[in-house]
Amino acid sequence: MKTLEIQVAIIGGGISGVSCAIELLNNDLEEFLIFEATERIGGRCFTVPYKDGFLEMGAQFIHGQVDNPIFKIASENDLIEEIYKNSIAEIDDPSRLVMFKDWNGNQIDEKILDWAQFCLYESYSLARLQSENEDPNLGEFIYNNYIRLMKEKLDPNFFEKSENLNLINSIYQWNFKWECMYNGCASMFEMSLNNFSKYQKLEGCQIIEFKKGYQSLFDTLIEKHKEKCSQRINLNYELRNILVCQKLLNFKLDGCRHCEYSHNENKIVLLFSNETAVICDRVVCTMSLGYLKENIDDLFVPNLIICEEKKKSVKRMGFGTVNKIILIYDKPFWDKNLEDIYSIWPTESTEKMYESLKHDNFDLESRWSEDICTICPTLYQKNALIAWIAGNHYHERLTNEQVKVECTKILKKFLGRDDIPQPVDIKRSNWNSNKFFKGSYSYYAYGTSSNDIQRIAEPIKIKNKTLIHFAGEATHESFYSTVHGAYLTGIREANRIISETNKSS
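Residues numbered from 1 in each chain as written. Predicted model: local features only at pLDDT ≥ 70, side-chain atom pairs only at ≥ 80, totals over all residues. Heavy atoms only, no water.

Next up on the list: the overall build of the protein chain. Scanning the protein chain from N- to C-terminus turns up 15 helices and 19 strands. A globule of 505 residues ought to have a C-alpha radius of gyration of about 23 Å, and the protein chain, at 24 Å, matches this closely. Seen through its principal axes, the protein chain has C-alpha atoms that stretch 80 × 50 × 45 Å. When each of the 505 residues of the protein chain is scored for burial, the buried share is 57%. If you take every contact in the protein chain between residues at least 6 apart in sequence, the share linking residues at least 24 apart comes to 75%. Carbon and sulfur atoms provide 46% of the accessible area of the protein chain, an area that totals close to 22,500 Å². (Helix = DSSP H or I, 4+ residues; strand = E, 2+ residues; numbered from the N terminus. Rg over C-alpha atoms; globule rule 2.2 N^0.38 Å. Buried < 20%, exposed > 50% of the residue type's maximum accessible area, 1.4 Å probe, protein only. Contact = heavy atoms within 4.5 Å. Areas by Shrake-Rupley, 256 points an atom, 1.4 Å probe, with all protein chains shown as cover.)

This is how it looks when you write it as structure tokens:
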């Protein structure tokens, strides 16, 4: 077995791992190595070159401009369009075409849609004011307030017709699926109402895209220390175990695995699947919450170093899957000004709507595509459409051909057109079935504690010495689920290492 020795080991080459490394280098701490399980850096930022452009298989947007470090880096290094540098607001282009279509290809009544969106907006505003009350789930709270507000705004006679209530429910059903995509959850019924306000939305445009993809952000971050970074990044290093010596814990089990690799009880031993052992002073874990959920009981040895409260927090926090199905055509068949196609699926009754949203009596094999919340063009690949889907990941087990056929059927129905071709190519993200991620991003699930993220982020100390650090989007209390949140946590842990190293020297 090959053995490496280093002061700091960083597990994961996503944005938090890279930002941690850059901050260490900026402060002249060079005794570290990055170990990335896959063949690339980037993590859930995954830019794929495609023909004359690129496709974003993971993170796509910069969310907010004011006090957003990612926006600052992108703006200063000409990574985004000029228009975003000069305006701190959503860019409203009235020429853009937003289509809300029913199952028969008809546009939803504009007046009803406007009122519905207003009442939904008000309902989410009310949700952000909840904090210390009994914690119902977010989905039911939004629906109850949405219906109450709609009844206040519309003629009371409107609701006497079942088809009108079904229309109102269909719009809620679409919004429910859109919010699942936005929040990274499988269902809003699984989201905590009381913790909904913990996410801090930064002021400014929420959908800023990089001119050359998120990869350009990584290239820019690494450029200053390019040679030093390239020397320290190790790809295809799949972590098996993090070993701590039993002597540090003042107890003895049957055999200490740590002592098989190191006689220094103050060191950590990392075992990798490629028959490599890394001996280090401390390790920064930046793996996804989904990976931690799946592996926390086996990853750390002995497992007693992870307190029960931290384990409970990891298991309570939500971590959902948001996927992209990218449909690529010979040429566009859609209007050049198209922004979004929102499919408003029909509902037969409130009861049936709830069944559909909860996936009760719901045949995923035939209905998985109902969780597609929007289909929209890509900014830098003119012949492609993205179908965004959250709520289920059944499609990950299907072939490309099966997914092509289903997406084409949906486009024909909701656009009311029979002349739509099948795509010539398809690219899919499949984040749930990727064992290194097991999903996309985190959220406060129903039943979570308000300090669960803080507990997950807390380093593991033994005898007043920090051994194991945690970074990544799921460890930021205000910016969880975002790239800027992940970026800041990497810097946070680097500064913790620098401060503790300086104190001990």
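Bringing the environment of Ile-207 into the picture now. With respect to the secondary-structure elements, Ile-207 resides in the loop between α6 (162-183) and α7 (215-223). Apart from the residues lying within four places of it in its own chain, the contact partners of Ile-207 are Phe-61, Ile-62, Tyr-84 and Glu-90.

Linking two cysteines covalently via their sulfur atoms produces the bond known as a disulfide. The tally for this structure, following the rule as stated, stands at zero disulfides. In this model Cys-307 remains outside any disulfide bridge; the closest cysteine sulfur is found in Cys-285, 14 Å from its own. Cys-376 carries a free sulfur, and the closest cysteine sulfur to it, the one in Cys-373, is 8.6 Å from it. (Disulfide = S-S within 2.5 Å.)

Below, the discussion takes up helix α1 (residues 15-26). For α1, spanning 12 residues, the distance from its first C-alpha to its last is 16 Å, which sits close to the expected 16 Å at 1.5 Å a residue. Along α1, 11 of the 12 residues are buried, which leaves the element largely enclosed by surrounding structure. The elements touched by buried residues of α1 are β1 (2-11), β2 (32-35), α7, α8 (226-232), β9 (276-285) and α15 (483-504). Following α1 by one or two positions, Asp-28 adopts a phi angle in the positive range, close to 60°. (Expected span 1.5 Å × (residues − 1).)

The α-helix advances 3.6 residues per turn, and as a result positions three or four apart in sequence lie on the same side. The set of residues buried in α7 consists of Ser-216, Leu-217, Phe-218, Leu-221 and Ile-222. Of the surrounding elements, those touching the buried residues of α7 are α1, α2 (69-76), α8 and α15.

As for its position among the elements, Gln-60 is in the loop between β4 (53-56) and α2. Given a relative accessible area of 7%, Gln-60 falls into the buried group. Engagement of the side chain of Gln-60 in a polar contact is seen with the side chain of Lys-324, the distance being 2.5 Å. Leave out the neighbours within four places in its chain, and Gln-60 touches Ile-208, Glu-209, Tyr-214, Lys-324, Ile-386 and Trp-388. (Polar contact = N/O pair within 3.5 Å; in protein donor to acceptor, adjacent residues only side chain to side chain.)

We now examine the pairing of strand β12 (residues 322-328). Along β12, seven of the seven residues are buried, which leaves the element largely enclosed by surrounding structure. Alternating positions in β12 separate into two faces, Val-322, Lys-324, Ile-326 and Ile-328 on one and Asn-323, Ile-325 and Leu-327 on the other, with burial throughout. In terms of strand pairing, β12 meets strand β16 (residues 425-428) through four bridges, oriented antiparallel. Bridged to Ile-326 within β16 is Lys-427. (Pairing = 2+ DSSP bridges.)

Enumeration over the complete set of coordinates arrives at 29 aromatic pairs. Measuring from centroid to centroid gives 5.4 Å for Phe-158 and Phe-159, while their planes differ by 80°, and the two rings are edge-to-face. Through pairs of rings, three or more aromatic residues link up here, namely Tyr-143, Tyr-146, Tyr-172, Phe-176, Phe-189 and Tyr-354. Across the ring face of Phe-46, the terminal group of Arg-40 is positioned such that the distance to the ring centre comes to 3.7 Å. Sitting over the ring of Phe-32, Arg-232 keeps its end group 5.6 Å from the ring centre. (Phe/Tyr/Trp six-rings, centres within 6.5 Å; stacked < 30°, edge-to-face > 60°. Lys NZ or Arg CZ within 6 Å of the ring centre and 35° of its normal.)

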